[in-house]
Amino acid sequence: MTSTHTPVDTPEHVALRAAVSSFAKGHAPGGPQEGDSPLDLWAEAGKLGYLGVNLPEEYGGGGGGITELSIVLEELGAAGCPLLMLVVSPAICGTVIARFGTAEQKERWLPGLADGSITMAFGITEPDAGSNSHRITTVARRDEGGGWVLNGRKVFISGVDIADATLIVGRTEDSRTGKLKPCLFIVPRETPGFSHHHIPMELSAPEKQFEVVLDDVRLPADALVGDEDAGLLQLFAGLNPERIMTAAFALGMGRYALDKAVDYARTRQVWKEPIGAHQAIAHPLAQAHIELELARLMMAKAAYLYDAGDDAGAGEAANMAKYAAGEAAVKAVDQAVHTLGGNGLTAEYGLARLITAARVARIAPVSREMILNFVSHQTLGLPKSY
């Protein structure tokens with residue numbers, strides 16, 4: 001079985017892992033709460049304080065950081081019931097509002113984000129921009145009354161149907177010269193002109209994906225989060241936690257698959273010994289375990305740097321952690337399915353659905369190729385090809 005904590009876990013982190021793991025196993029497929037919807041799981045996790053561990057105590061959170069929130073998501077995933085919206089609602093949106101929001105915005109949104117009674121989606125990806133955030137075309141312009149008018153489209157936005165609001169990344173109109181100057185706006189779900197359309201995915205996940213259309217969406221002046229001219233600082237305050245939490249999501253999935261495979265290899269007997277006694281089975285599983293553990297250490301480093309306020313250092317580590325965890329999860333899931341043979345493709349064991357899900361960690365929120373670009377340019381100092 002995979003280990004339950006990393007060497008850098010504090011006693012409090014070990015206790016948090018154990019508590020979340022125990023809670024999650026009661027809601028895992030086949031557990032006593034089988035049939036519960038993700039919304040039920042979300043609500044109960046919120047009541048227990050797990051959803052807001054990274055948010056300030058004065059607004060109902062746990063006063064911790066991304067380190068603690070990544071532990072929650074990893075352990076939920078390792079038990080077979082990950083909550084994708086943890087990446088979005090408390091990690092991205094909650095962090096941005098906590099760091100840059102006004103007192104009124106914090107009072108309005110953070111308590112609900114902390115206890116799970118409010119969910120917020122995050123809209124950055126666009127049809128023609130892809131990984132190039134400099135090509136974002138969603139435009140925010142001032143109206144005559146001092147408010148804002150937003151126009152644009154977003155795609156692959158998770159959970160818009162269940163979110164009370166969406167944190168939208170737009171650009172101020174005068175920044176279309178090519179200089180990126182993103183601004184962040186809170187758009188409540190029922191705002192006129194804001195609509196969403198389901199994107200069918202060949203992906204087994206309770207959280208759905210949507211296209212979002214903003215057609216002359218009028219917002220009050222206080223919908224803007226932070227400083228209009230802060231630009232990348234505010235954007236990456238949300239994107240670095242997103243990468244760290246995606247790593248946690250992938251690691252939980254990889255651990256879940258590996259544990260299933262190890263249990264099967266330990267007990268499945270075709271010849272004299274269980275199949276796990278054969279190195280052709282044992283060694284690939286051992287390699288998968290090693291790669292997952294290495295990725296967990298990088299994730300822990302990224303979370304530590306972010307929580308310590310080192311945004312630049314966290315940016316490099318968060319990208320590396322997301323890359324390493326995505327690769328490790330894909331390999332772990334593939335090897336787990338292969339270990340079970342035909343059983344690995346049955347609904348009974350629940351591994352085949354992870355083949356597609358694990359691949360998401362290689363693609364979203366940024367592709368592994370763009371992470372390699374980042375490391376080659378920012379860390380190694382190599383020239384850009386674009």
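Please read all numbers here as calculations on a predicted model, not as lab measurements.

Student: Would you take a moment to explain the overall build of the protein chain for this structure?
Tutor: Of regular secondary structure, the protein chain possesses 10 helices and eight strands. Taking 2.2 N^0.38 as the reference for a compact globule, 386 residues should give roughly 21 Å; the C-alpha atoms of the protein chain span a radius of gyration of 21 Å, in line with that estimate. Considering only C-alpha atoms, the protein chain reaches an extent of 80 × 50 × 40 Å along its principal axes. Sorting the 386 residues of the protein chain into buried and exposed places 52% on the buried side. Counting contacts in the protein chain only where the partners sit at least 6 residues apart, residues at least 24 apart contribute 70% of the total. Summed over its atoms, the accessible surface of the protein chain is roughly 17300 Å², and 54% of this surface lies on carbon and sulfur atoms. Counting 33 positive and 46 negative side-chain charges, the protein chain places the averaged centre of each group 6 Å from the other.

Student: Help me understand the pairing of strand β1 (residues 120-123), please; the structure alone is not making it clear to me.
Tutor: Each regular strand carries side chains that alternate between the two faces of the sheet. Of the two faces of β1, both are covered, the one formed by M120 and F122 as well as the one formed by A121 and G123. Strand direction decides the pairing type here: β1 and strand β4 (residues 165-172), joined by four bridges, are parallel. Within the sheet, the bridge partner assigned to A121 lies in β4 and is T166.

Student: What should I look at first to understand the packing of helix α1 (residues 11-25) against helix α3 (residues 66-78) in this one?
Tutor: Two quantities define a packed helix pair, namely the angle between the helix axes and the distance between the axes. Where α1 meets α3, the closest approach of the two axes is 9 Å, and the angle between their N-to-C directions is 35°. In the crossing of α1 with α3, the sense of the turn from one axis to the other is right-handed. Where α1 approaches α3, its residues H13, L16, R17, V20, S21, F23 and A24 are matched on the opposing element by T67, E68, I71, V72, E74, E75 and L76. Partitioning the contact of α1 with α3 into residue classes produces seven nonpolar, three polar and four charged.

Student: Looking at this structure, how should I read the packing of aromatic side chains?
Tutor: Given two aromatic rings, their pairing is described by the distance between the two centres and the angle made by the two planes. Following the criterion strictly, the structure yields three aromatic pairs and no others. When the centroid spacing of 5.7 Å and the interplanar angle of 55° are considered together, the rings of F23 and Y50 count as tilted. Taken together, the residues span a long stretch of sequence, with F23 in helix α1 and Y50 in the loop between α2 (38-47) and α3 at a distance of 27 residues. Overall, the relative accessible area of 9% leaves F23 in the buried class. What makes Y50 buried here is its relative accessible area of 12%. Measuring from ring centre to ring centre gives 5.8 Å for Y264 and Y349, while their planes differ by 85°; the resulting arrangement is edge-to-face. With Y264 in helix α6 (residues 232-267) and Y349 in the loop between α8 (311-340) and α9 (353-363), the pair connects residues that are 85 residues apart, well separated along the chain. By relative accessible area, Y264 is classed as buried at 9%.

Student: When you look at the pattern of salt bridges in this model, what are you seeing that I'm missing?
Tutor: Applying the stated criterion across every chain yields a total of 19 salt bridges. A salt bridge links R255 to E74, with the nearest nitrogen and oxygen atoms 2.8 Å apart. With R255 in helix α6 and E74 in helix α3, this pair connects stretches of sequence that are 181 residues apart. Each member of the pair, R255 as well as E74, carries the same accessibility label: buried. One salt bridge connects R266 with D263, and the closest N-O pair in it is separated by 3.1 Å. Of this pair, R266 and D263 both sit in helix α6, three residues apart, which is roughly one turn of that helix. Several salt bridges share partner residues, and in doing so they unite D9, R17, E74, E75, R255, E293 and R296 into one network.

Student: Help me understand the nonpolar core, please; the structure alone is not making it clear to me.
Tutor: Generally speaking, nonpolar side chains in soluble globular proteins are found buried as a group. L76, L86, M120, F122 and L167 are the most contacted members of the largest nonpolar core, which has 93 residues in total. Here this core gets 18 residues from one element, more than from any other, and that element is α6. Other than its neighbours up to four places away in sequence, F122 contacts V88, I92, C93, I157, T166, L167, V169, L235, L239 and E242.

Student: Could you clarify how one ought to interpret the environment of K322 in this entry?
Tutor: Its location among the elements puts K322 in helix α8. Taking relative accessible area as the criterion, K322 reaches 2% and is therefore assigned buried. Residues K322 and S367, 45 residues apart in the sequence, show an inter-C-alpha distance of 9.6 Å. Residues contacting K322, with those up to four places away along its chain left out, are R243, T246, A247, A361, R362, I363, A364, P365, V366, S367, R368 and I371.

Student: How should I be thinking about the packing of α3 against helix α7 (residues 279-307) in this particular structure?
Tutor: Packing of α3 against α7 brings their axes to within 8 Å, and their N-to-C directions diverge by 145°. Taking contact as the criterion, the partners of I66, T67, E68, S70, E74 and E75 in α3 are, on α7, R296, M299, A303, Y304, Y306 and D307. The class makeup of the residues in the contact of α3 with α7 is five nonpolar, two polar and five charged.

About the criteria used
Residues numbered from 1 in each chain as written. Predicted model: local features only at pLDDT ≥ 70, side-chain atom pairs only at ≥ 80, totals over all residues. Heavy atoms only, no water. Helix = DSSP H or I, 4+ residues; strand = E, 2+ residues; numbered from the N terminus. Rg over C-alpha atoms; globule rule 2.2 N^0.38 Å. Buried < 20%, exposed > 50% of the residue type's maximum accessible area, 1.4 Å probe, protein only. Contact = heavy atoms within 4.5 Å. Areas by Shrake-Rupley, 256 points an atom, 1.4 Å probe, with all protein chains shown as cover. Lys, Arg positive; Asp, Glu negative; His and termini not counted. Charge placed at Lys NZ, Arg CZ, Asp CG, Glu CD. Pairing = 2+ DSSP bridges. Axes fitted to C-alpha atoms, helices over the stretch in contact; angles between N-to-C directions. Left-handed = near helix turned anticlockwise from the far one by under 90°. Nonpolar A, V, L, I, M, F, W, Y, C, P; charged D, E, K, R; others polar. Phe/Tyr/Trp six-rings, centres within 6.5 Å; stacked < 30°, edge-to-face > 60°. Salt bridge = Lys/Arg side-chain N within 4 Å of Asp/Glu carboxyl O. Core = buried A, V, L, I, M, F, W, Y, C linked by side-chain atoms within 4.5 Å.

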